[in-house]
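Structural overview
What follows is the residue order along each chain.
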Amino acid sequence: MENIKEDLRQYILDEFLPGESASNLKDDTPLRSSGILDSVATLKTVTFVEERYGIEVEAHEASVENFDTIEAIEALVKSKKG
Amino acid sequence: MDLELSEQQQQLQKAAIEFAQKELADDLIRRDRDQVFSAEGWKKCADFGALGLPVPAEYGGMGLGITDVIAVMEGLGYGARDHGLLFSINAHLWTNSLPILKFGTEEQKRKYLPGLSNGELIGANGASEPNSGSDIFSMRTHAERRGDTYVLNGTKTFVSNAPVANLFAVYATLDPKLGSMGITGFLVERDTPGLTVSRHLEKMGLRTSPMAELIFDNCVIPASNRLGREGRGVNVFESSMEWERGCILANYLGLMRRQLENCIAHVRNRKQFGQPIGKFQSIANKIVDMKVRLDACRPLVYRIGWLKEQGKSAMMEASVAKLFVSESLVSSCMDALQIYGGYGFMVEQGIERELRDALGSTLYSGTSEIQRNVIAKCLGI
Ligand SMILES: Cc1cc2nc3c(=O)[nH]c(=O)nc-3n(C[C@H](O)[C@H](O)[C@H](O)COP(=O)(O)OP(=O)(O)OC[C@H]3O[C@@H](n4cnc5c(N)ncnc54)[C@H](O)[C@@H]3O)c2cc1C
C-alpha cells in the first residue's frame, strides 16, 4: 500500500507527462484543474487504479475532487481497499 | 521490429491480392456513380474470411494476429478497386466486431460474432452526432436505465453501413454531467422498436459504402445488450479507434503501391516530345515522392501491429500513422492524377475516384487536426 503514490506518479509521468522530472509532480500538484488529466486521461487513470489495486470506481466517484491530486487518488484507493 | 513478412503472411497477402483482383472488380464505375453497395462482394469477402480476420475460430473467424490482418488488408487494398467496400469492411470489423470481441460478454460474442464473421450480419457504429464530431465525448444521446432495460434517445449521424447494417454499436451518455465517465456502449439490433435508420447521406467519395443517420426515440434495449461496463464506453471507443486507425491504413499501403506501379509503367510507355515522360525530371520526381512516401508509411502501419502484438498501447503510434498515411495517400493520388495528365481526370481511369475516396481518410476516425492534438498530448504538450 505504501507505494500507491509512487505508482501513481510513475503512471502519470509515463502516460501523460513524458520527459517531465518526477520532482515536478508533487503529491498535491493539481491534475484535473491544471489540465494534466483531461476527462479521457482521468478515465485511463481510473482504469489503471482499478486494475492495479483490484477495486471498482463508480462513474460518480471519478469526480474532480477525487482525482485532482495524487494524494486524493491515494485516499480514494485506500478507502476502497478498506 | 522486423519489416519482412513471414512466409505465411506473404501467402495470406498473395491470396488476398488474387481474391480481390478476381472477385471485387465488377461494375465499379456505375456503382460508384449510383452509390450502390455490393451485397455480392460482401458475401464473397465473408467466404474469403475477410469479415472475421481477427475473430477467433471458436466464434467463426480466422483468428489472425494483428500483423497478419495488416498483411491481408494491404493485399486487399492492392487488389481491390472498390475502396468503398473495403471501408465498409473496416467499419464493420473495427467498430463493431472487435469491440464485441474485446468488451462483450460471452453471450454477446456467441450471439453476434459468428454472423458478423460469415456475412449474415453487417455491423456499424454510431458515435458522431450532429453537434458532437471531433468533441465526441460531448455527445447528447441519452441512455436511461429502467429495470432490466436501457431507454435510448438521440440522433447519430455519419453512420457508415447504416442503410445495410443489422447491428449497431452505439454510444450514449448516462448523464452529460459525468462527462466522459458517463459514456456507455450498447449493441442495438436494427429491428428494435424506437430505432429508425433515417435519411441516406450522399458522400463525395467512398460512395459504394452507404451511410445514414440513426434516430433513437424511446428505443428500449435489454440491459444485457450493454457493451462493457457502465461509464466505460470511452475505453471501448478508444480501443476500436486504435485498431481502426491502424488497420484501415493497411488498405492504403496496398493502394499506394498499386498506384506507384501503374504510374511507373505509364511514364515508361507514354511518350511526348519524342521520349518517355518519365525522362522529364519533374515527372520522375513525382514518382520518387510517391516511392518515398510509401516507404515511410509502411513501417508506421506495421509498427502498430508490432506494438499491439506485444500487448503495448499504440495510441500515439496509431495517430502518427493515421495522420501521415492518410495525408500521403491524398498526395499520392494527386501525383498520380498529374502524371496521367488528362487521362487521369477521366472517370474511366479510376484515379479521380481514388482521390475522392482518399480525401475521406483525413476526416474519419479523427481528423488530421485531431490526430495532431492526440500526438501533442502524448508528448506531454
Ligand atoms: C467517410 C466518413 C465515414 C464516417 N463514418 C462514421 C461512422 O461510421 N460512425 C461515426 O460515428 N462517425 C463517422 N464519421 C464521422 C467522423 O468521425 C467525423 O466526421 C469526424 O470525427 C469529424 O467530426 P465533424 O465532421 O463533426 O467535424 P468537426 O468536429 O465539426 O470539425 C470541423 C473542423 O474543425 C477541426 N477541429 C475540431 N476540433 C478541433 C480541435 N480541437 N483542434 C483543431 N481542429 C479542430 C476539425 O479537424 C475539422 O477540420 C465518418 C466521417 C466520414 C467523413
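To be clear, the structure that these remarks concern was listed above.
None of these values were measured; they are calculated from a predicted model.

Rules and cut-offs
- Residues numbered from 1 in each chain as written.
- Chains lettered and ligands numbered in written order.
- Predicted model: local features only at pLDDT ≥ 70, side-chain atom pairs only at ≥ 80, totals over all residues.
- Heavy atoms only, no water.
- Helix = DSSP H or I, 4+ residues; strand = E, 2+ residues; numbered from the N terminus.
- Rg over C-alpha atoms; globule rule 2.2 N^0.38 Å.
- Buried < 20%, exposed > 50% of the residue type's maximum accessible area, 1.4 Å probe, protein only.
- Contact = heavy atoms within 4.5 Å.
- Areas by Shrake-Rupley, 256 points an atom, 1.4 Å probe, with all protein chains shown as cover.
- Lys, Arg positive; Asp, Glu negative; His and termini not counted.
- Charge placed at Lys NZ, Arg CZ, Asp CG, Glu CD.
- Buried area = accessible area lost by both parts, 1.4 Å probe.
- Salt bridge = Lys/Arg side-chain N within 4 Å of Asp/Glu carboxyl O.
- Polar contact = N/O pair within 3.5 Å; in protein donor to acceptor, adjacent residues only side chain to side chain.
- Nonpolar A, V, L, I, M, F, W, Y, C, P; charged D, E, K, R; others polar.
- Phe/Tyr/Trp six-rings, centres within 6.5 Å; stacked < 30°, edge-to-face > 60°.

1. Some details on the overall build of chain A
- Along the backbone of chain A there are three helices and zero strands.
- Along chain A, helices and strands appear, N-terminal first, in the series α-α-α.
- Against the 2.2 N^0.38 benchmark of 12 Å for 82 residues, chain A shows a C-alpha radius of gyration of 12 Å, consistent with a compact globule.
- On the principal axes, the C-alpha backbone points of chain A span a range of 35 × 25 × 20 Å.
- Here chain A, with 82 residues, has 48% of them falling under the buried criterion.
- A separation of at least 24 residues holds for 57% of the contacts in chain A among residues at least 6 apart in sequence.
- Surface accessibility of chain A: about 4,100 Å² in total, with carbon and sulfur atoms responsible for 45%.
- Between the centroid of the 9 positive side chains of chain A and the centroid of its 18 negative side chains there is a distance of 2 Å.

2. Digging into the interface of chain A and chain B
- Facing 18 residues of chain A, the contacting portion of chain B comprises 15 residues.
- When chain A packs against chain B, the two sides together hide about 1,300 Å² of surface, and 56% of this comes from carbon and sulfur.
- The shortest N-O distance in the salt bridge between B:Arg229 and A:Glu56 comes to 3.9 Å.
- Viewed at the interface, chain B and chain A are joined by six residue pairs in polar contact (both at pLDDT 80 or more).
- Here the residues of the side of chain A that touches chain B are counted per class, giving nine nonpolar, four polar and five charged.

3. A look at the packing of aromatic side chains
- One pass over the structure, following the stated rule, counts 10 aromatic pairs over all chains.
- Ring centres of A:Tyr11 and A:Phe16 lie 5.8 Å apart, and the angle between their planes is 85°; on these two criteria the pair is classed as edge-to-face.
- Assessed through its relative accessible area of 13%, A:Tyr11 is described here as buried.
- Considering the side-chain rings of B:Tyr171 and B:Phe237, the 5.4 Å spacing of their centres and the 85° angle between planes classify their relative orientation as edge-to-face.

4. Observations concerning the pattern of salt bridges
- Taken as a whole, this structure holds 37 salt bridges over all chains when the rule is applied.
- The shortest N-O distance in the salt bridge between B:Glu23 and B:Lys22 comes to 3.4 Å.
- For B:Glu23, a relative accessible area of 24% translates into the label partly exposed.
- One salt bridge connects B:Arg146 with B:Glu144, and the closest N-O pair in it is separated by 3.5 Å.
- According to the relative accessible area criterion, B:Glu144 is partly exposed, its value standing at 35%.
- Linked through salt bridges whose partners overlap, the residues forming this network are A:Lys5, A:Glu6, A:Arg9, A:Asp27, A:Glu74 and A:Lys78.

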